[in-house]
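Structure assessment
Take a look at the letters that make up each chain.
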Amino acid sequence: MTDKKNEQKPDGTQTSAMWGGRFSAGPSAVMEAINASIGFDKKLYRQDIQGSQAHARMLADQGIITSDDADAIIKGLDDIKAEIEAGTFEFSAALEDIHMNVEAALRARIGDAAGRLHTARSRNDQVATDLKLWVRDALDGLDRDLQALQTALIEQAEKHAASAMPGFTHMQTAQPVTLGHHLLAYVEMLGRDRSRVTDARARMNESPLGAAALAGTSFPIDREKTAAALGFDRPAANSLDAVSDRDFAMEYMSAAAICAVHLSRLAEEIVLWCSDQFGYVRLADEFSTGSSIMPQKRNPDAAELVRAKAGRVIGMLNALMIVMKGLPMTYGKDMQDDKEPVFEVADTMALSLAAMTGMIEGAIFNAERMKADAGKGFSTATDLADWLVRTLSMPFRDAHHVTGALVKMAEDKGCGLEDLSLADMQSVEAGITDAVFGVLGVDNSVASRKSYGGTAPDNVAAQVAAARKRWL
């Protein structure tokens, strides 16, 4: 394609080839550098061409341009798309952005007909349309990646529906749970992430195309037609809002940021569980690294990096919100800086979710180690208190006090609650019988948690089946 930065006017002065009618001189090198976005917005080429083709068809259908011109435009755009995808298209910073690069290439191919494509639209509604289409695709991709991670978690949860492990509050042993139950908690988190994706997609699915620069157009366009052609539910109702709205980008990034927090929490647990101090899980070689100096090391670097990347996603959301917070109606060139944060978030989330899915799929859990730890720290104390309430009709606060005294006794003796003798227990509460030993111990504890959403293995197996039905 011809890459002509400036063209000469009759009086000999230089002006921009694309928008120079108003200007007597081309931009400085600094202005060109700060103004150009082609280095990153070329990612929008598919959406830009898709939107332009829909616009050209509509213009022909409305009799605004001829069918021959529309056919030439659509064919020329197909050729440009093929050239971009083949890697042979030469992008020009002098042409600023993807829109001008495509338009200039089209004019070089089909001549004056290309100039009619921009009838009844502006770069303002064009870029808003392009970015909406791109974000919509990104939301669909995020949903697929979330489902893949849910699948991996559900598979592991099914294997470990009855594998006991410590449940923690304040990072202190609280009550025994099962690993399957623990992993399904993340399935629920990711499910909420997917619901946010679905909601965001539905809310943003209105077409800005046809809003033109800000006020609409005097041409008899059919915005319903272009909206339908591009898969939108309807045209955006207000032309001012259509070109200035970036809520859809911020909402996508907000959903991604919450998801990144969930991934970071899971990554943190993997990092802890991989340590010798826990020893709960071993990651596959493909997701572990060694040390340059310590040959014994096996580092969970993939999890650490997923944990770190949450900060990047949150930072990109903040960046765009700060760009948008002070802008009056309608479009300002500030909004050119909306794309890099969006692209960064999409790339980061795709990589983070792929890494986490790979880690979960290949993880080998040490069920024996987890079960041994599940019984530490008097983790069945609540089971004892509950037994006192159920069997002796004791008020819970009194049962809490009795159980605390028995925990102190076991701590002094250096044993577990289940290792105390009946006489020991009756010295604190005479009504205790040997039936109490049926609720103590890890297996008894987890099996008793049968309330809906509880950790009993039968519950977990049922929730695995329900999760498959809901999410996969």
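Procedures and definitions
Residues numbered from 1 in each chain as written. Predicted model: local features only at pLDDT ≥ 70, side-chain atom pairs only at ≥ 80, totals over all residues. Heavy atoms only, no water. Helix = DSSP H or I, 4+ residues; strand = E, 2+ residues; numbered from the N terminus. Rg over C-alpha atoms; globule rule 2.2 N^0.38 Å. Buried < 20%, exposed > 50% of the residue type's maximum accessible area, 1.4 Å probe, protein only. Contact = heavy atoms within 4.5 Å. Areas by Shrake-Rupley, 256 points an atom, 1.4 Å probe, with all protein chains shown as cover. Lys, Arg positive; Asp, Glu negative; His and termini not counted. Charge placed at Lys NZ, Arg CZ, Asp CG, Glu CD. Salt bridge = Lys/Arg side-chain N within 4 Å of Asp/Glu carboxyl O. Expected span 1.5 Å × (residues − 1). Arc of directions from axis to C-beta. Polar contact = N/O pair within 3.5 Å; in protein donor to acceptor, adjacent residues only side chain to side chain. Axes fitted to C-alpha atoms, helices over the stretch in contact; angles between N-to-C directions. Parallel < 35°, antiparallel > 145°, perpendicular 65-115°, else oblique. Left-handed = near helix turned anticlockwise from the far one by under 90°. Nonpolar A, V, L, I, M, F, W, Y, C, P; charged D, E, K, R; others polar.

1. Focus: the overall build of the chain
Within the chain, the secondary structure is distributed over 18 helices and eight strands. Whereas a compact globule of 472 residues would reach a radius of gyration of roughly 23 Å, the chain reaches 31 Å, over 25% beyond that. Viewed in the frame of its principal axes, the chain has a C-alpha envelope of about 110 × 55 × 35 Å. Among the 472 residues that make up the chain, the fraction classed as buried is 48%. The contacts of the chain with a sequence gap of at least 6 include a subset with a gap of at least 24, amounting to 72%. Of the roughly 22000 Å² of accessible surface on the chain, 51% is carried by carbon and sulfur atoms. Of the side chains in the chain, 50 bear a positive and 66 a negative charge, and the two mean positions are spaced by 1 Å.

2. A few points about the pattern of salt bridges
Counted under the stated rule, the structure contains 28 salt bridges. Its salt-bridge partner being Glu85, residue Arg46 comes within 3.2 Å of it at the nearest N-O pair. Taken as a pair, Arg46 in helix H3 (residues 45–61) and Glu85 in helix H4 (residues 67–86) lie far apart in primary sequence, 39 residues in all. Residue Arg46 is classed as partly exposed on the basis of its relative accessible area of 44%. Close ionic contact of Asp443 with Lys371 constitutes a salt bridge, the shortest N to O distance being 2.9 Å. Of this pair, Asp443 sits in helix H17 (residues 442–448) while Lys371 sits in helix H13 (residues 367–374), and the two are 72 residues apart along the sequence. Beyond isolated ion pairs, a larger network of salt bridges with shared partners links Glu96, Asp97 and Arg123.

3. Concerning helix H15 (residues 396–413)
Structurally, the α-helix is built with 3.6 residues per turn, so residues lying three or four positions apart point the same way. With 18 residues, H15 extends 25 Å between its outermost C-alpha atoms, agreeing within 8% with the 26 Å of an ideal straight helix rising 1.5 Å per residue. Every buried residue of H15 is accounted for by Ala399, Val402, Thr403, Leu406, Val407, Met409 and Ala410. Angular distribution of buried residues about the axis of H15 spans 160 degrees; they occupy a single face of the element. Opposite its buried face, H15 presents the exposed residues Arg397, His401, Glu411 and Asp412, each directed more than 90 degrees away. Those residues of H15 that are buried are in contact with helix H14 (381–392) and helix H16 (422–428). The positive-phi residue at the C-terminal boundary of H15 is Gly414, with phi of around 70 degrees.

4. Points about helix H6 (residues 123–159)
Over its 37 residues, H6 extends 54 Å from the first C-alpha to the last, a length consistent with the 54 Å expected when each residue adds 1.5 Å. Residue Ser122 occupies the N-cap position of H6, its side-chain oxygen lying 2.9 Å from the main-chain nitrogen of Asn124.

5. Quick word on the side chain of Ser445
Looking at where Ser445 falls in the secondary structure, it is placed in helix H17. Excluding anything up to four places from it in sequence, Ser445 contacts Pro176, Thr380, Asp383 and Val439.

6. Examining the packing of helix H10 (residues 247–274) against helix H11 (residues 301–324)
Direction vectors running N to C along H10 and H11 enclose 160 degrees, while the axes themselves pass 8 Å from each other. Regarding the angle of H10 to H11, the classification is roughly antiparallel. Between H10 and H11 lies a crossing whose hand is left-handed. Taken together, the residues of the contact of H10 with H11 sort by class into 21 nonpolar, two polar and three charged.

7. Quick notes on unusual backbone geometry
Residues Met329 and Thr330 are joined by a peptide bond in cis, for which omega reads 0 degrees. As for its position among the elements, Thr330 is in the loop between H11 and helix H12 (339–362). Located in the positive-phi region is Glu96, a residue other than glycine, with phi close to 75 degrees. In this structure, Glu96 sits in the loop between H4 and helix H5 (98–110). The exposure class of Glu96 is buried, given its relative accessible area of 6%. Even without a glycine there, the phi angle at Ser393 is positive, about 55 degrees.

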